[in-house]
Every structure is written in structure tokens, then in C-alpha cells.
Amino acid sequence: MSDPFGTKPSDQLSAEKPESPEKPASADADAVVQKVKKPKPNNKKLRQAAAEAEAKANEGRHVLEAGPATAALDGGLNFRESLMRQQKLVVPKRSVWELFIEGKVPQGEIQEYPKSQDDTTAVDRFTSEEKRLLDRQHEGVYTQLRLAAEAHRQTRKYMQGYIKPGMSMIHICETLEETARRLIGDKGLTAGLAFPTGCSLNNCAAHYTPNSGDTTVLGADDVCKIDFGTHVQGRIIDCAFTLTFDPKYDPLVEAVRAATNAGIKAAGIDVRLTDIGAAVQEVMESHEIELNGQVYPIKSIRNLNGHSVSQYRIHAGKTVPIVSSGISGDGSNTLRMEEGEFYAIETFGSTGRGMVQKNGECSHYMRLWSPPHTQLRLQSSRQLLNCINRNFGTLAFCRRWLERYGASKYQMALKDLCDKSVVKAYPPLCDVKGCYTAQFEHTILLRPTCKEVVSRGDDY
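Residues numbered from 1 in each chain as written. Predicted model: local features only at pLDDT ≥ 70, side-chain atom pairs only at ≥ 80, totals over all residues. Heavy atoms only, no water.

Enquirer: Can you tell me about the state of the cysteines, naming the residues and giving the values?
Expert: Counted by the stated rule, this structure contains zero disulfides. The cysteine Cys 224 is free of any disulfide, with Cys 199 supplying the nearest cysteine sulfur at 5.6 Å. With relative accessibility at 2%, the residue Cys 224 sits in the buried group. (Disulfide = S-S within 2.5 Å. Buried < 20%, exposed > 50% of the residue type's maximum accessible area, 1.4 Å probe, protein only.)

Enquirer: So what's going on with the packing of helix α12 (residues 379–391) against helix α14 (residues 411–419)? Which residues, and what values?
Expert: Their axes nearest at 8 Å, the elements α12 and α14 cross at an angle of 80°. Relative to α14, the element α12 lies roughly perpendicular. In contact with Ser 380, Ser 381, Leu 384, Leu 385 and Ile 388 of α12, α14 contributes Ala 413, Leu 414, Asp 416 and Leu 417. Residue classes in the contact of α12 with α14 are distributed as six nonpolar, two polar and one charged. (Axes fitted to C-alpha atoms, helices over the stretch in contact; angles between N-to-C directions. Helix = DSSP H or I, 4+ residues; strand = E, 2+ residues; numbered from the N terminus. Parallel < 35°, antiparallel > 145°, perpendicular 65-115°, else oblique. Contact = heavy atoms within 4.5 Å. Nonpolar A, V, L, I, M, F, W, Y, C, P; charged D, E, K, R; others polar.)

Enquirer: Give a description of the UniProt feature "binding site: a divalent metal cation 2" (unreviewed entry) in the protein chain that names residues and reports values.
Expert: The positions UniProt marks with the feature "binding site: a divalent metal cation 2" (unreviewed entry) are Asp 238, His 307, Glu 346 and Glu 441. A maximum C-alpha distance of 10.7 Å places the annotated residues, which cover 204 residues in sequence, within one compact spot. With residues near it in sequence (within four places) discarded, His 307 still touches Asp 238, Ile 314, His 315, Lys 318, Thr 319, Val 320, Phe 342, Tyr 343, Ala 344, Glu 346 and Glu 441. A polar contact of 3.2 Å, which involves the side chain of His 307, links it to the side chain of Asp 238. Inspection of the secondary structure puts Glu 346 in strand β11 (residues 342–350). By relative accessible area, which is 8% here, Glu 346 ends up buried. (UniProt positions renumbered as here; feature names shortened; annotations may be inferred. Polar contact = N/O pair within 3.5 Å; in protein donor to acceptor, adjacent residues only side chain to side chain.)

Enquirer: Any chance you could break down unusual backbone geometry for me, citing the residues and the numbers?
Expert: Residues other than glycine seldom take positive phi values, yet Asn 202 does so here, at roughly 55°. Locating Asn 202 in the fold gives a position in the loop between β2 (191–201) and β3 (204–206). Judged by its relative accessible area of 18%, Asn 202 is buried. Phi at His 207 takes a positive value of approximately 70°, unusual for a residue other than glycine. Within the fold, His 207 resides in the loop between β3 and β4 (223–232).

Enquirer: I'd like a description of the sheet that holds strand β13 (residues 364–367), backed by residues and values.
Expert: One open sheet holds the three strands; their spatial order is β14-β13-β15, and the pairing between them is antiparallel. Edge positions in the sheet fall to β14 (397–398) and β15 (423–426), since each has one partner strand and no second. Sheet analysis places β13 next to β14, joined by two bridges and oriented antiparallel. If you follow His 364 over to β14, its bridge partner there is Cys 398. (Pairing = 2+ DSSP bridges.)

So this is what it looks like as C-alpha cells:
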């Protein structure tokens, strides 16, 4: 017969055994207490280690009880570990090459080309067998771009859950870059990061990444633009999003997101670039935001643009304005998009003047695509240029990356290369102090049959 209380036979036998009258009850209690009691470490170092372990455990419990908002201000390793447990963030470890061994990479979002009143070619393209054949001929290039896009999607998905107020900007950038390098299977110029991680804050709209020693910390009231790129064989994904921690900034973020989608929708083969700017501006400037009891119109930043992208070249010559009166690369307003081109459609909204200017310490640099033939007299300049050519080619880089590859005391050599127009500096671009800016960006591919938003994800 089974025991309804789960008592073992040995327990039953011991229960039937009579108590010894010679042993008092208090002695049994003392024996039990002695069994349960923890022995103290008999060594000073052991006692100190035990005390530190207990303090760490208590600190971890305190962070968990405080919740992510309070813990975010404390920062540190314990915050990171507790945050990972709370949000169940899984650090992505497998590269896209391991995930898609057979090369069947998922496509981005497919859109049909916009149709004008007297245009039937947009409809014909989607079903034309000739255009489908052209598509199949470029499948290898599309696969490279989609692999880079998949690495970008997974990286930003992880970072969107990881980034919290209280983290230093340099820690955020290094964590993102480490994750992206792991996912893309970093091989330098074969596959890797296409440009430094932009993490511009508030009135700074673009081209800010912390240099070594920068102590800037992300605040709960900041508006942060995360802009980073990945590439495979020089096929670049340029994609950005805006991160906020206060819902009062939602109207600004949604305005810029909607404007970017409007620009993507308007893009297509034979579309004038200025027409895209008009579509972006119309959506962007139909929004407004209330901050501290004052209403601000949201303006397109007139002197920032989207751009065409080619192999190993982030700015390939054509610019996509985000205002109706903008010009497009060749100084005219008649330049059009063409079949087979890649574009980064990016929009910037601001509560300020809607104009940016250079301000702050420079961190972004890039070797020019066609630098002038010049003689470098400084040996340090020649060594630095060799380092740039070997590791970055014509892709953008930052000071942290030079140091990562062993460069030291390079400031004079870098200035010499900039002065001789071999390398170009891209300092931070800022609107007026006190305003807020936001950014969204996607990379699109104008295929013969359709328009593919390669970097599109579930997040935006």
C-alpha cells in the first residue's frame, strides 16, 4: 500500500524507535541547532571573501527590487546582469554566415514602384519576364546586401533592449560594435562595420561618436540617434533609429518615422529626387510637439540629406533632399533615381531652426574616394595612411578604431592627411542649443522588378 504522505520505510522504522530516557530534550535541540548552524571560516581571508560574496548577493537583490528605472541610474555590472534577467535579453552569438549556410537570406520589404497618371511601366515591371531575368542576374549582390541587413537587424534588436539611461556613450558604442562584428563575422574589408556608431544626443543630429576618454553618460531625458552600418563585400546597409525614454518625445519620433516612410514610398525608378524631398517635408512639417507647456513645429533639417550608396562608398554622388526646395547632387532639381541603384533614405526632424552647423570635437573620418596625388613628407602620415588603407579602405572610421588597430600618437599625422585632402573630417552637426532632433533611415534597393526596403525590420 502506498504511503499517502510519502514516508520512506526507513523513516517509519525510526519513528517506531523509543526515545532514550537518558538524553534530555534540550540536548536533541542543541544537536539539531549544531547541524543547521553554518561553520565560520577559520581564516581571515576566507571570512573576507565570504563577506564580499554576501555583499555582492545583497547588491544584486537590491538592484532587482529597485527595477530597471532605478537600477539604470546606478549602472555597473550588476545592473547589466539584472537587466538581462528581467528582460530576458539573449546575446546574439551566431553569425549570419552560420544562420544562412545555404545562402537563402530573407528579403526585405517589397514595394511596387509609384505610378504616375500616364505611367504603365511600374505595373509592367512587377510581371515582366525580362525584368525578372535581370533580377536573377544580380542575385549574388542582393544576397550580400541582405546578409548585412540581417546582421544590422539582429544587432539593433538586441541594443534596443540593452541601452538604458546611466550607461556611458562609449560603453554603448563598444557593446554595439562588438555585437555587430560578431554577427557579421568581422573580416575587415570583406565583411564588417561600414562606419562608426553614431550616437548623437539632443540638438546634435549626426556624426557624433565618443572618442577615448569621453565621459558622456546617457540621461533619461536625452534623445539619442543610433546610426550604424554593416557591409558584406562593400555592400553597405546604412540604417538608423531614434531612442527615447520619456513619452513626451513620441510626437517628434513618430513625425520623423512617418516622414522616412513617406520618402521610401515616393522613391522609385525615374522619380525626381526633389519630389521625394517634397513628400518628406509635407509629412514632417504637418506635426508639432508640446514640451514644457510650449508648442514647437517640427521642421525638416534643410542641410541634411539622404544619399545614394555604392560598393565601399557610403556617399556615391546623388543626394536625396528632405525639403521641397533642395538640390540633388549635381546642383539641379532634375536629377532622377535609376534602376539598380542603392539609396539611404534618411530624414531628420528638429524642434529648432531646422539647420545644422559643425560643432564639437571631430571623431568621424573617411579617406576620399579620389584623393589628389600628393607627396607625404611625414613618415607618421605614411604609416597612418597604410593603416587606413589596410583596415578601412574608403569606408569611414573613427579615432577609437585607429587605436583598436594599434595606432598611437597619430593626431599630427591625421591632421596632415586632412590638410592634404587625403582624408576628410566629419565633425558633429548640431542645431541650436536646447532643441531636440530625431532621425530614421533605411537602405533601399531599386530592383528591375520592384523596390526592396532591405533594412526593414519588425521594429521600424
